[in-house]
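# Structural characterization, general
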Amino acid sequence: MKVKTIFYCTDCGNELLKWQGQCPACRAWNTIVEQPKEGRSKKNEAISFGTRPKSVAKRLSEIADSEELRFQTGMCELDRVLGGGAVQGSLVLIGGAPGIGKSTLMLQICDNLCQFATVLYVSGEESVRQIKLRAGRLNIHCDDLYLLSENSLEEIIGTVHEVKPTILIIDSMQTILTSKSDSMPGSIAQVKQCTMALMELAKGEGITVFVIGHINKEGSIAGPKVLEHMVDCVLSFEGEQHMAYRILRAAKNRFGATNEIGVFEMMDEGLAEVPNPSEMLLSGRPSATPGTCVTCVMEGIRPVLAEVQALIAPSGFASPRRTSNGIDYNRAMLLMAVLEKRGGLNLGGHDAYINVIGGLNLGEPAADLATVLALSSSLCNKPVPDDLAAIGEVGLTGELRTVNALSQRLSEVQRLGFTKCMIPARNSGTILDIPGLQLISVRNVREALATFL
Ligand code: TYD
Ligand code: MG
């Protein structure tokens, strides 16, 4: 029997022959949708296949040396995440939840891009009038920006050949559709075909293409994950719904590191860059209050200070409630077990809530020590000194392990006005003195707790 339809996971693009409740590849629930199978060998394709110019393999030495050409987008935080500016002829995908500020970011960079390039901004979601209104609100007056409100890929490519832009912005990939595929807009087949065509534009004509992609939890539309392998660069724009701060991360970058972050704040007149995230994350920190401790994590090559908060309260339930926000739940449970066994604290019978301020996610073990201090400070109701920061990984025997880039972290700690920093004893011999910063080296959790409890 010939298969007429095929099933896809809208999250990861995994193909299946039958419907399932859970995707076996990415384990997401309710993301499998049915799609008509695309005919593979059409007659005209077979003809064009024979007449295509043959590509010739070249030796590495025969290829001319040329640096990738980069240009600045005018937003330092975006340039940083892109690896020092956008690369000419690359395809950059910007993913994020609806309403996070993707269109705003793209429109804002147009202001600078228009000064040296021809920019075409295509929106499948808003009319040109709406975009003009938004541009007014953002204080953008680049008269040379070309706007187009269009859904059809063929029309867009037609306009590209007419306007000949050097930079093309597509808002958003889920609203663009091609007549070559008869599936719904936003479906995997459509999104893949359109991205493929845009990739050809980027590589063939050297146009830099920025594509916006929505991520939605229900998975009713194909997310940027499906396209990750096709494009050069995947940036994800994240943020808490009720907070003004937005973090831009590179999930994939063919032209730079992926561990860089850019921080923005959503204001009334658009996104503002936050060149100093540590200051932002520490603003409004309570003083002389139990249950909070500051640590320093590396986001890319940038040290960032973060405040870990913990609340320990007697539990009214047989099995206490434990939640963790910003620190991996299992890591938090491990640290609590270490505190109990090696630190001699009795956490059983207590609810524990852990939170990292600012919606930051601390994936680094260097935040362990601060988490442990915040937890014990809340339990014993004794504040960690305000001018003390803590950096170090905690092992299962309660020992403190070394962390990398300690000198950089300590400079940042000192720059933000801290006078003391707790570090693993093993690290203390290897770092230079930082004026104005007293280092407290500790060997294990017990020693760490003894300094302030
Ligand atoms: P938008 O860029 O339209 O989001 P996306 O394209 O990712 O869906 O941003 C929409 C949100 O940003 C909206 O909730 C309003 C807010 N916003 C501001 O707070 N200030 C502004 O200047 C603009 C343009 C938007
Ligand atoms: Mg938008």
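Just so we're clear, the structure is a prediction, and the values are computed from it rather than from any experiment. (Residues numbered from 1 in each chain as written. Chains lettered and ligands numbered in written order. Predicted model: local features only at pLDDT ≥ 70, side-chain atom pairs only at ≥ 80, totals over all residues. Heavy atoms only, no water.)

### Topic: the site of ligand 1
Applicable threshold: Only heavy atoms are used to decide nearness, and a residue is near a molecule or strand if one of them lies within 4 Å of it. In protein, a polar contact means a hydrogen-donor-capable atom and an acceptor-capable atom, both N or O and within 3.5 Å, with residues adjacent in sequence counting only if both atoms are side-chain atoms; elsewhere, any N or O pair within 3.5 Å suffices. Working definition of accessibility: Shrake-Rupley area with a 1.4 Å probe, residue cover restricted to the visible protein chains. By the criteria applied, helices consist of DSSP H or I runs no shorter than four residues and strands consist of E runs no shorter than two, each listed in order from the N terminus. Only Asp, Glu, Lys and Arg are considered charged in this grouping, and only Ala, Val, Leu, Ile, Met, Phe, Trp, Tyr, Cys and Pro are considered nonpolar; every other residue, Gly among them, is considered polar.
In the vicinity of ligand 1 lie 17 residues, with G99, K102, S103, T104 and M267 positioned nearest. A distance of 3.4 Å is found between an oxygen atom of ligand 1 and a backbone nitrogen or oxygen belonging to I100. Its free accessible area being 550 Å², ligand 1 has 76% of it covered by the protein chains. For the shell around ligand 1, the secondary structure elements donating two or more residues are α3 (102–113), α4 (128–137) and β13 (261–267). Residue contributions to the shell around ligand 1 peak at three residues, all from α3. The residue makeup of the shell around ligand 1, split by class, is six nonpolar, six polar and five charged.

### Quick word on the sheet that holds strand β2 (residues 15–16)
Worth spelling out the cut-off: By definition, two strands form a pair when at least two bridges between them are found by DSSP.
If you walk across this open sheet you meet the three strands as β2-β1-β3, and the pairing is antiparallel. Here the strands that pair on one side only, and so sit at the sheet edges, are β2 and β3 (32–36). Of the strand pairs in this sheet, strand β1 (residues 5–9) and β3 are connected by five bridges, and their pairing is antiparallel. Of the residues in β3, the one forming a bridge with T5 is P36.

### Side note on the environment of D386
Short version of the rule: Contacts: residue pairs with any heavy atoms within 4.5 Å of one another.
Position of D386 relative to the elements: it lies in the loop between α9 (368–380) and β19 (388–390). Spatially, the C-alpha atom of D386 lies 9.3 Å from that of T419, the residues being 33 residues apart in sequence. D386 has contacts with R285, P286, S287, A288 and F418, leaving out every residue within four places of it along the chain.

### Some points on the packing of helix α5 (residues 153–163) against helix α6 (residues 188–205)
Cut-off, in case you're wondering: Axis definition: a line fitted to C-alpha atoms, limited for helices to the stretch in contact. Angles are taken between N-to-C directions and run from 0 to 180 degrees. Geometric relationships in this document are graded by angle, where less than 35 degrees denotes roughly parallel, more than 145 denotes roughly antiparallel, 65 to 115 denotes roughly perpendicular, and other angles denote oblique. The sense of a crossing depends on the near helix, which, turned anticlockwise from the far helix by less than a right angle, makes the crossing left-handed and, turned clockwise, makes it right-handed.
Contact pair α5 / α6: the axes reach a minimum separation of 11 Å and the direction vectors enclose 15°. Here α5 lies roughly parallel to α6, going by the angle between them. As for the relative orientation of α5 and α6, their crossing is right-handed in sense. Of α6, the residues touching α5 (which contributes L153, I157, V160 and H161) are C194, A197, L198, L201 and E205. Among the residues forming the contact of α5 with α6, the class breakdown is seven nonpolar, one polar and one charged.

### Quick look at the packing of aromatic side chains
Inclusion rule: Only centres within 6.5 Å qualify two rings of Phe, Tyr or Trp (six-membered ring in Trp) as a pair; their planes then separate them into stacked at under 30 degrees, edge-to-face at over 60, and tilted for everything else. Each residue gets one of three labels from its accessible area relative to the maximum for its type: buried under 20%, exposed over 50%, partly exposed in between, using a 1.4 Å probe on protein chains only.
Tallied over the full model, the rule gives two aromatic pairs. With a centroid separation of 5.8 Å and 90° between ring planes, the pair formed by F237 and F264 is classed as edge-to-face. With F237 in strand β11 (residues 233–238) and F264 in strand β13, this pair connects stretches of sequence that are 27 residues apart. Assessed through its relative accessible area of 0%, F264 is described here as buried.

### Re the pairing of strand β18 (residues 350–356)
Of all the seven residues making up β18, five are buried; the element is thus mostly covered by neighbouring parts of the structure. Note: strand β16 (residues 302–314) against β18, seven bridges, orientation antiparallel. Residue pairing in the sheet places V308 in a bridge with V356 of β18. Here strand β17 (residues 322–325) runs beside β18; their pairing, made up of four bridges, is parallel. Paired with N325 across the strands is N355, a residue of β18.

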